[in-house]
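Listed below are the residues making up each chain.
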There are 2 protein chains.
Amino acid sequence: MNTYDQIIQLSLERGFYFPSSELYSDASAGFWEYGPNGVKIKNKFLELWRRELVRRDNMLEIDGSQIMSKNVFMASGHLSNFTDPVVKCKKCLSSFRADKLIQEEANLEVPERMANEGVNELISKYGLRCPLCKGEFSPAERFNMMFKVEIGPNHDEAYLRPETCQSIFVDFSRIYKVSRGKLPLGIAQVGKSFRNEISPRQGLLRLREFYQAEIEVFCNPSQLDNQPRYDEIKNTKLRFYDQKIIELTVQEAIDQKILSNQLIGYYLALLVEFFDKTGIDKNRTRLRKLSDEEKAFYSTIAFDFEVDTSIGWLELVACNYRSDYDLKSHSTTSKTNLEVMDDNSKVLPHVFELSLGVDRCIYSIMEHSYFVDRENDDRAVLKLKPYLSPVHAGVLPLLRKPEFKDKASKLLKNIQRDFDIFYDESGSIGRRYRRLEEIGTPFAFTVDHQTLEDETVTVRYRDSMQQDRIKMSDVKSFLYNNINDYSS
Amino acid sequence: MNTYDQIIQLSLERGFYFPSSELYSDASAGFWEYGPNGVKIKNKFLELWRRELVRRDNMLEIDGSQIMSKNVFMASGHLSNFTDPVVKCKKCLSSFRADKLIQEEANLEVPERMANEGVNELISKYGLRCPLCKGEFSPAERFNMMFKVEIGPNHDEAYLRPETCQSIFVDFSRIYKVSRGKLPLGIAQVGKSFRNEISPRQGLLRLREFYQAEIEVFCNPSQLDNQPRYDEIKNTKLRFYDQKIIELTVQEAIDQKILSNQLIGYYLALLVEFFDKTGIDKNRTRLRKLSDEEKAFYSTIAFDFEVDTSIGWLELVACNYRSDYDLKSHSTTSKTNLEVMDDNSKVLPHVFELSLGVDRCIYSIMEHSYFVDRENDDRAVLKLKPYLSPVHAGVLPLLRKPEFKDKASKLLKNIQRDFDIFYDESGSIGRRYRRLEEIGTPFAFTVDHQTLEDETVTVRYRDSMQQDRIKMSDVKSFLYNNINDYSS
């Protein structure tokens, strides 16, 4: 079994994530749910993101509606541009996403969302037919990936947002005003986005309903090389990929014109420093500059932050310089002036974004933390950072006798509101340790015979498997200090 | 201006919440967004809910898809039952929610979602006509309040969930198994739900897209009076309403048959103890037992937890004994046995739910915390609990000189990742205090002349307006201790 399958199996068996509406056979692909362990790692990951990006840089976070009016997507370009090419089999009437079909059937690299003409040409050139029934295809059509909804008794047309950032663009003007903003200003948002994929697959990696954590930095295009706090990160190392990996400091990358300005360098550095704290192996990450063909329609400069996994390189964050594309479009469509004052002159801000796919990050963190300990009975361990572990600690009465359970309950009651604790009294102590390790629990406290005498408990460390004794009354501060240690 | 309008104004001006897609004139009513201060109070409120309910009772939290397959809502009853009566004007074609129309035009109390026959009868009896053009109405029709979406190229029918709990019911079987569950077991979820209201109104109070924090407690119906940890809450006081307020302990309410069993008493007590920590005035809350006519179609016993506000009593939490309605329906529709083992016998669990409307809670907390200080220039203060305040502390350099700003930056950098800090250097110190108080910030640290000499800062308390001096190096532990104090 490869690592990808191992992680999926662990996720299903230990309640990290699993397919939605499993009870029903007609349940659609591309919808997954987070189970109890998944919710906790996701929430902690988002707290780390807030800590290392939003709070560190004094960004503002908003939380907007997922259903948005049609005009928003007229302006954003999604109504006309956010489409995939589809071909339909004339015989069995099955539909296929044409670019993926060509890629798989003709073994060709084709650009995502290629135009209908290109699709038709290649299908004819390679004589492609329906993989299910060998029927012929009708000419390619466009399939808009937004989900449409109708509001109220008059059936007003609206859409589920395909990216969270549109809320940020339409709210920019109010946010800037009420927060007495100053450029550059990062506005962040965590939330669901929706894309009606034609053929979703692979668990958390391509979903129809997914979490994004997006940051849109509004900036003055004439001040991109006058970035506040640039000195903090100018020596931070970034790993660029262009045929091979080149490791450069931000300043070196600017000098070599790989990065076009300080602002982009600053935010890429913050992003990379954030990922350093997630437990993803830095040496298996890269920043890849996208070619003009690969870039989204609103982007002028684009880097993908990618991570190496058992199923190939995975895009975790799209970093796009969107220029004034969005504010200009919304300004025109809504007939509203969205310029702001900066340094005594009016400016329509440009935008640099860090658009992060939360679900893929969770998967990648799990994969990079997964460890099979060959020297110890092949025990499976998720070596998660303590601050990302779904369960901070186990509380285990050694025996199922009242005197052990009473002490364990007392300990539990003292810490359970402040930390995520799993109380477990069933099975051998070894098996209980294994169950905790498998979901990444860094510490386990065992109530044993000595506890009854002196109110100390055994603390066992997940990674070293070492044991110490500490006072029950010190457990709370032990956890506080160890869980909040972001230094390593 | 009444308190409701004051809170709305504060929300708009200080970025708590505001209407969605304001730029566009066609933007629909019933969609609002949280701004930077709103996101922070909402997240902190949810953390308190996790602390005092989910973690306290060892519940499991999941996070499910919002788009769910049609079968889910066939089983749940929402496809046939979750409808409002609508009447349409034959002349101007405007649609109205009939029960509300009758209530307003005929000044009658009618049950929510009344049947078409009743609507037609009353419209005819009172001779009601279109309030816009005086036209006649067509007979009442049913309007389903779920938003429909179509998935994939085959347009599979699905719906945005109208309540988060359906994810919990369809996932119950897997969750119970992988968590090696034991009854009673609470499964919790925070997330968006969607209701296509015919005429939404009043800001956060009736939204088409809204946040729920739901808890479904799965229990063995033969063990409802054998509730674990019942002793912890049996003397907790609950305020019941039936014509007048009666304050009783849980045990007294059971003895007087106001509560039918320990399990319901236990969870109502947990809920009330949680609300005690939100800053909502306990003396302006009540538990109201619903009549058969008021109850939802799946409910056998129902209490609403209500709070008194400037616009009347508001339902914050619906507490429903749903019996085995949901598991039985899903079991039948999906042809799956959903019984579990409990105490060596098979049982189809019953469900008691605490369904909390997050947005209304945020509004109510703000209203109950809002205070105009007549003795001090009518300063407006949100007396929020420190752990719920959007901003934990301000950092204010007294003067805009480099030596003051340097010290303030140093302090900021030391605490900004761990706490929500607002740095402010503009305007008089008095005005800066006012701006902080208005959004509920409990502490402000001022860098003044003495700071330059001895690295101490002034700490000012929001409520007492008292000032102390503390060392800059002690600010972090000061905040940690004061923000995490849940005792008062």
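Residues numbered from 1 in each chain as written. Chains lettered and ligands numbered in written order. Predicted model: local features only at pLDDT ≥ 70, side-chain atom pairs only at ≥ 80, totals over all residues. Heavy atoms only, no water.

(A) A look at the interface of chain B and chain A. Facing 86 residues of chain B, the contacting portion of chain A comprises 87 residues. Regarding the contact of chain B and chain A, the summed buried area is about 7,400 Å², with carbon and sulfur atoms giving 49% of it. Contact with chain A buries surface across chain B, with Leu23(B), Tyr24(B) and Arg417(B) losing the most and accounting together for 11% of the total. On the surface where chain B and chain A come into contact, there are twelve salt bridges. Linking Asp418(B) and Arg51(A) is a salt bridge whose minimum nitrogen-to-oxygen distance equals 2.6 Å. (Contact = heavy atoms within 4.5 Å. Buried area = accessible area lost by both parts, 1.4 Å probe. Salt bridge = Lys/Arg side-chain N within 4 Å of Asp/Glu carboxyl O.)

(B) Geometry of the sheet that holds strand β13 (residues 244–249) of chain B. Residues and elements named next belong to chain B. Read across the open sheet, the nine strands follow the order β3-β10-β11-β19-β16-β15-β14-β12-β13; overall the sheet is mixed. Edge positions in the sheet fall to β3 (60–62) and β13, since each has one partner strand and no second. Ignoring which end each strand starts from, the neighbouring axes of this sheet average 25 degrees apart. Relative to strand β10 (residues 185–194), β3 is paired through three bridges, and the arrangement is parallel. Among the inter-strand pairings, Leu-60 is bridged to a residue of β10, identified as Ile-187. This element, helix α9 (residues 262–276), spans β11 (209–219), β12 (237–242), β14 (285–289), β15 (301–309), β16 (312–323) and β19 (350–357) of the sheet and lies at about 15 degrees to β19. (Pairing = 2+ DSSP bridges. Helix = DSSP H or I, 4+ residues; strand = E, 2+ residues; numbered from the N terminus. Axes fitted to C-alpha atoms, helices over the stretch in contact; angles between N-to-C directions.)

(C) Main features of the packing of helix α2 (residues 36–55) of chain B against α9(B). Residue and element names in this part refer to chain B. At a closest axis distance of 10 Å, the pairing of α2 and α9 adopts a crossing angle of 140 degrees. The angle between α2 and α9 falls in the class oblique. Handedness of the α2/α9 crossing: right-handed. Where α2 abuts α9, its residues Phe-45, Leu-48, Trp-49, Glu-52 and Leu-53 lie against Leu-270, Leu-271 and Phe-274. Tallied by class, residues from the contact of α2 with α9 come to seven nonpolar, no polar and one charged. (Parallel < 35°, antiparallel > 145°, perpendicular 65-115°, else oblique. Left-handed = near helix turned anticlockwise from the far one by under 90°. Nonpolar A, V, L, I, M, F, W, Y, C, P; charged D, E, K, R; others polar.)

(D) Spatial organisation of the sheet that holds strand β7 (residues 141–144) of chain A. Residues and elements named next belong to chain A. An order of β6-β5-β7 is seen for the three strands of this open sheet, with the pairing classed as antiparallel. The open sheet is flanked by β6 (95–97) and β7, the only strands paired with a single partner. With direction set aside, neighbouring strand axes in the sheet form an average angle of 45 degrees. In the packing of helix α5 (residues 98–105) onto the sheet, contacts are made with β5 (83–88) and β6, and the angle to β6 comes to roughly 80 degrees.

(E) Representation of the pairing of strand β19 (residues 350–357) of chain A. Residues and elements named next belong to chain A. For β19, a buried count of eight out of eight residues is recorded, marking the element as mostly surrounded by other parts of the structure. Alternating positions in β19 separate into two faces, His-350, Phe-352, Leu-354 and Leu-356 on one and Val-351, Glu-353, Ser-355 and Gly-357 on the other, with burial throughout. Both strand β11 (residues 209–219) and β19 contribute to a ladder of eight bridges, which runs antiparallel. Each bridged residue has a counterpart across the sheet, and for Gln-212 the counterpart in β19 is Gly-357. (Buried < 20%, exposed > 50% of the residue type's maximum accessible area, 1.4 Å probe, protein only.)

(F) Structural context of helix α7 (residues 165–178) of chain A. All names here are of chain A. For α7, built from 14 residues, the straight-helix expectation of 20 Å at 1.5 Å per residue is met to within 8% by its first-to-last C-alpha distance of 19 Å. For α7, the tally of buried residues reaches eleven of 14 residues, placing the bulk of the element in the interior. The positive-phi residue at the C-terminal boundary of α7 is Arg-180, with phi of around 45 degrees. (Expected span 1.5 Å × (residues − 1).)

(G) Highlighting the domain arrangement of chain A. All names here are of chain A. Split into domains, chain A comes out as domain 1 (3–80 + 150–368), domain 2 (83–144) and domain 3 (375–483). A separation of 37 Å is found between the C-alpha centroids of domain 1 and domain 3. Listed per partner, the contact involves 14 residues of domain 1 and 13 residues of domain 3. Here domain 1 and domain 3 share an interface that buries about 1,200 Å² over both sides, 65% of which is from carbon and sulfur atoms. In terms of surface lost to domain 3, no three residues of domain 1 exceed Arg-14, Lys-40 and Lys-44, which account for 41% of the buried area on that side. For the pair domain 1 and domain 3, the number of links is three salt bridges. (Domains from an automatic or database assignment.)

(H) Expanded view of the pairing of strand β22 (residues 393–397) of chain B. Residue and element names in this part refer to chain B. Extensive coverage of β22 is indicated by the burial of five of its five residues. Where burial is concerned, the two faces of β22 agree: the one with Ala-393, Val-395 and Pro-397 and the one with Gly-394 and Leu-396 are both buried. Looking at chain direction, β22 and strand β23 (residues 421–423) are connected through three bridges and run parallel. Within β23, the residue paired with Val-395 across the bridge is Tyr-423. The handedness of the β22 to β23 crossover, carried by helix α12 (residues 402–415), is right-handed. (Right-handed = clockwise from strand over helix to strand, strands pointing away.)

(I) Quick look at the relation of the copies chain B and chain A. When chain B is fitted onto chain A, the two copies agree to an RMSD of 0.1 Å after a turn of 180 degrees and an axial shift of 0.0 Å. The superposition operator between the copies reduces to a two-fold rotation axis. By C-alpha distance to the rotation axis, the residue of chain B lying nearest is Val149(B), at 3.0 Å. Same-surface contact between copies: 100% of interface residues of chain B are shared with the interface of chain A. (Least-squares fit on C-alpha atoms with pLDDT ≥ 70 in both.)

(J) Region of interest: the environment of Met341(A). Residues and elements named next belong to chain A. The topology assignment puts Met-341 in strand β17 (residues 340–342). As for Met-341 and Asp-373, which are separated by 32 residues in sequence, their C-alpha atoms are 59 Å apart. Ignoring any residue separated from it by four or fewer positions in sequence, one finds Met-341 in contact with Tyr-176 and Lys-346.

(K) Summary view of the packing of aromatic side chains. Taken as a whole and assessed by the stated rule, the structure comprises 39 aromatic pairs over all chains. Look at Phe96(A) and Phe137(A): their rings are 5.9 Å apart centre to centre, the planes differ by 75 degrees, and that puts the pair in the edge-to-face class. Of this pair, Phe96(A) sits in strand β6 while Phe137(A) sits in the loop between α6 (116–125) and β7; the two residues are 41 residues apart in sequence, bridging distant segments of the chain. The class for Phe137(A) is buried, based on a relative accessible area of 10%. Consider the rings of Tyr34(B) and Tyr211(B), whose centres lie 6.4 Å apart with planes at 50 degrees: the pair is tilted. Of the two residues, Tyr34(B) is situated in strand β2 (residues 32–34) and Tyr211(B) in strand β11; the sequence distance between them amounts to 177 residues. There is no split in this pair, since Tyr34(B) and Tyr211(B) are both buried. Grouping aromatic residues by their ring pairs yields a cluster made of Tyr17(A), Trp32(A), Tyr34(A) and Tyr211(A). Residue placement shows Lys42(A) over the ring face of Tyr34(A); its charged tip is 5.4 Å from the ring centre. (Phe/Tyr/Trp six-rings, centres within 6.5 Å; stacked < 30°, edge-to-face > 60°. Lys NZ or Arg CZ within 6 Å of the ring centre and 35° of its normal.)

(L) Quick peek at a negative patch on the surface. Taken together, the side chains of Glu150(A), Asp156(A), Glu150(B) and Asp156(B) make up a negatively charged region of the molecular surface. If you trace the backbone, Asp156(A) turns up in strand β9 (residues 156–160). We classify Asp156(A) as partly exposed; its relative accessible area is 38%. (Patch = residues over 30% accessible without salt bridge, like charges linked within 9 Å, V, L, I, M, F, W, Y side chains within 5 Å. Areas by Shrake-Rupley, 256 points an atom, 1.4 Å probe, with all protein chains shown as cover. Lys, Arg positive; Asp, Glu negative; His and termini not counted. Charge placed at Lys NZ, Arg CZ, Asp CG, Glu CD.)

(M) Examining the environment of Val459(B) more closely. One can find Val459(B) in strand β25 (residues 456–461). Separated by eleven residues in sequence, Val459(B) and Ile470(B) have C-alpha atoms that sit 6.9 Å apart.

(N) View of the pattern of salt bridges. Evaluated as defined, the whole model comprises 98 salt bridges over all chains. Across the salt bridge formed by Arg174(B) and Glu22(A), the nearest N and O atoms sit 2.8 Å from each other. With Arg174(B) in helix α7 (residues 165–178) and Glu22(A) in the loop between β1 (17–19) and β2 (32–34), this residue pair bridges two chains. A salt bridge links Asp231(B) to Lys234(B), with the nearest nitrogen and oxygen atoms 3.7 Å apart. A residue is classified by how much of its surface remains accessible, and Lys234(B), at 30% relative accessible area, is partly exposed.

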